[in-house]
Amino acid sequence: MSRLIGLGLLLAGLLYPFAVYFGMEHFAPWQFGLLLGSLWLARAVTGVRRPGSLWMAIVAIVFCLLLALFDSPAMLRWYPVLISGFMLVLFGLSLKFGPPMIERLARLREPRLPAKAIRYTRQVTIAWCWFFLCNGLCAAALTLWAPLSWWMLYTGLISYGLIGLMFAIEWLIRQRVRGHP
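Identification of the protein as Intracellular septation protein A from Pseudomonas migulae is taken from an unreviewed UniProt entry.

Right, dumping it as structure tokens:
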């Protein structure tokens, strides 16, 4: 059940900009808040306890409750900023309290990482922190000053393209670091 809820949250997050853009004619902001808040509540109740998962769920639930309470279309646009903030905090705290997030992911494939790889994963985690900071700032700027269509284009397409580009660039760099052509 927990995986199904996680998948629901992932899909809701990926489709959220389009749902807001195309759904505002048919649904009120409070309905978005209740639906999204229900998914986060279900995750908090049934999800596996990982560092940060409970506080993230609580913050997201509070955001969704405020969205439902104020029924504000402008508030709908802050959710991608919140998610970028979550990712920035998770990756940033992993740098402070270790091991860095990318090292954790790398150890899933290769449990015994050499020192060179550990240094590299730390640098990649820092790069992702910068990415999430810039992504959140762009989403916030578009939320504050751009038309809804620009916001939807960035948060629903461009930011995902940039994430893919980050993965591709990191993979190419990793091949060089590992000595593969």
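What follows picks up the thread again.
(A) Focus on the overall build of the protein. Across its full length, the protein carries eight helices and zero strands. Along the chain direction, N to C, the helices and strands of the protein fall in the order α-α-α-α-α-α-α-α. By principal-axis analysis of the C-alpha atoms, the protein measures approximately 55 × 35 × 25 Å. Residue pairs in contact within the protein that sit at least 24 positions apart in sequence constitute 70% of those at least 6 positions apart. With the model as given, the accessible surface of the protein reaches about 11,100 Å², and the carbon-plus-sulfur share is 74%.

(B) Quick look at the packing of aromatic side chains. In the structure shown here, the tally under the stated rule is twelve aromatic pairs. Taken together, a centroid distance of 4.8 Å and an interplanar angle of 50 degrees make the contact between Tyr16 and Tyr79 tilted. With Tyr16 in helix α1 (residues 2-23) and Tyr79 in helix α5 (residues 79-97), this residue pair connects regions lying 63 residues apart in the sequence. What makes Tyr16 buried here is its relative accessible area of 5%. Put simply, the rings of Tyr16, Phe27, Phe32, Phe63 and Tyr79 pair up and form one aromatic cluster.

(C) The packing of helix α7 (residues 115-145) against helix α8 (residues 148-178), seen in detail. Packing of α7 against α8 brings their axes to within 11 Å, and their N-to-C directions diverge by 165 degrees. Classified by the angle between their axes, α7 and α8 sit roughly antiparallel to one another. Between α7 and α8 lies a crossing whose hand is right-handed. Of the residues contributing to the contact of α7 with α8, the split by class is 17 nonpolar, four polar and three charged.

(D) Seen up close, the pattern of salt bridges. Considering all chains together, one arrives at two salt bridges under this definition. One salt bridge in this structure joins Arg107 and Glu103, with 2.9 Å as the shortest N-O distance. Placement of the pair is Arg107 and Glu103 together in helix α6 (residues 101-109), with a separation of four residues, close to one helical turn. Exposure remark for Glu103: the relative accessible area of 7% places this residue in the buried category. The residue Arg174 makes a salt bridge to Glu170 at a minimum N-O spacing of 2.7 Å. With Arg174 and Glu170 both in helix α8 and four residues apart, this pair spans about one turn of that helix.

(E) Structural context of the environment of Ile102. Structurally, the position occupied by Ile102 is in helix α6. Taking the C-alpha atoms as reference points, Ile102 and Ala19, 83 residues apart in sequence, are found 31 Å from one another. Look past the residues within four positions of Ile102 in its chain and what remains in contact with it is Phe91, Thr121, Val124, Thr125 and Trp128.

(F) Molecular detail of the nonpolar core. Tyr16, Trp40, Phe63, Leu67, Tyr79, Phe91 and Trp128 are the most contacted members of the largest nonpolar core, which totals 35 residues. Put simply, the parts of the chain that give this core at least two residues each are α1, α2 (29-46), α3 (53-70), α4 (73-76), α5, α6, α7 and α8. For Leu67, the contacting residues outside a window of four places in its chain are Tyr16, Pro29, Trp30, Phe32, Gly33, Ser72, Met75 and Leu76.

(G) Representation of α8. With 31 residues, α8 should cover 45 Å at 1.5 Å per step; its first-to-last C-alpha distance of 43 Å lies within 8% of that length. The sharpest bend along α8 measures roughly 35 degrees and falls at Tyr154. Those residues of α8 that fall on the buried side of the exposure criterion are Trp151, Met152, Tyr154, Thr155, Gly156, Ser159, Glu170 and Gln175. Where α8 is buried, its residues touch α1, α4, α5 and α7.

The rules behind these values
- Numbers given for residues are sequential positions, taken from 1 along each chain in its written order.
- Totals for whole chains, interfaces and linings use all residues, but because this is a predicted model, local features are given only for residues with pLDDT of at least 70 and pairs of side-chain atoms are given and counted only at 80 or more.
- Side-chain descriptors were evaluated using all non-hydrogen atoms of the structure, hydrogens and water having been removed beforehand.
- By the criteria applied, helices consist of DSSP H or I runs no shorter than four residues and strands consist of E runs no shorter than two, each listed in order from the N terminus.
- Residue contacts follow a heavy-atom distance rule, with two residues in contact if any of their heavy atoms lie within 4.5 Å.
- Per-residue and other accessible areas were derived by the Shrake-Rupley procedure at a 1.4 Å probe size, with only the shown protein chains allowed to occlude residues.
- Pairing of aromatic rings covers Phe, Tyr and the six-membered ring of Trp, with a centre-to-centre limit of 6.5 Å; geometry is then stacked below 30 degrees between planes, edge-to-face above 60, and tilted otherwise.
- Think of it in three bands: with a 1.4 Å probe and only protein chains considered, a residue is buried below 20% of the maximum accessible area for its type, exposed above 50%, and partly exposed in between.
- Orientation is described by lines fitted to C-alpha atoms, with helices fitted over the stretch in contact, and by angles between N-to-C directions that extend from 0 to 180 degrees.
- We call two directions roughly parallel when the angle between them is under 35 degrees, roughly antiparallel when it is over 145, roughly perpendicular when it lies between 65 and 115, and oblique otherwise.
- By definition, any crossing whose near helix is turned counterclockwise from its far helix by less than a right angle is left-handed, and any crossing with a clockwise turn is right-handed.
- Gly falls in the polar group here, along with every residue not listed as nonpolar (Ala, Val, Leu, Ile, Met, Phe, Trp, Tyr, Cys, Pro) or charged (Asp, Glu, Lys, Arg).
- When a carboxyl oxygen of Asp or Glu lies within 4 Å of a side-chain nitrogen of Lys or Arg, that pair is called a salt bridge.
- Nonpolar cores are built from buried Ala, Val, Leu, Ile, Met, Phe, Trp, Tyr and Cys residues. Side-chain atoms within 4.5 Å join them into one set.
- Expected span, for any helix, means 1.5 Å times one less than how many residues it has.
- Two axes define the bend at a residue: one fitted to the seven residues ending there, one fitted to the seven starting there, and the bend is the angle between them.

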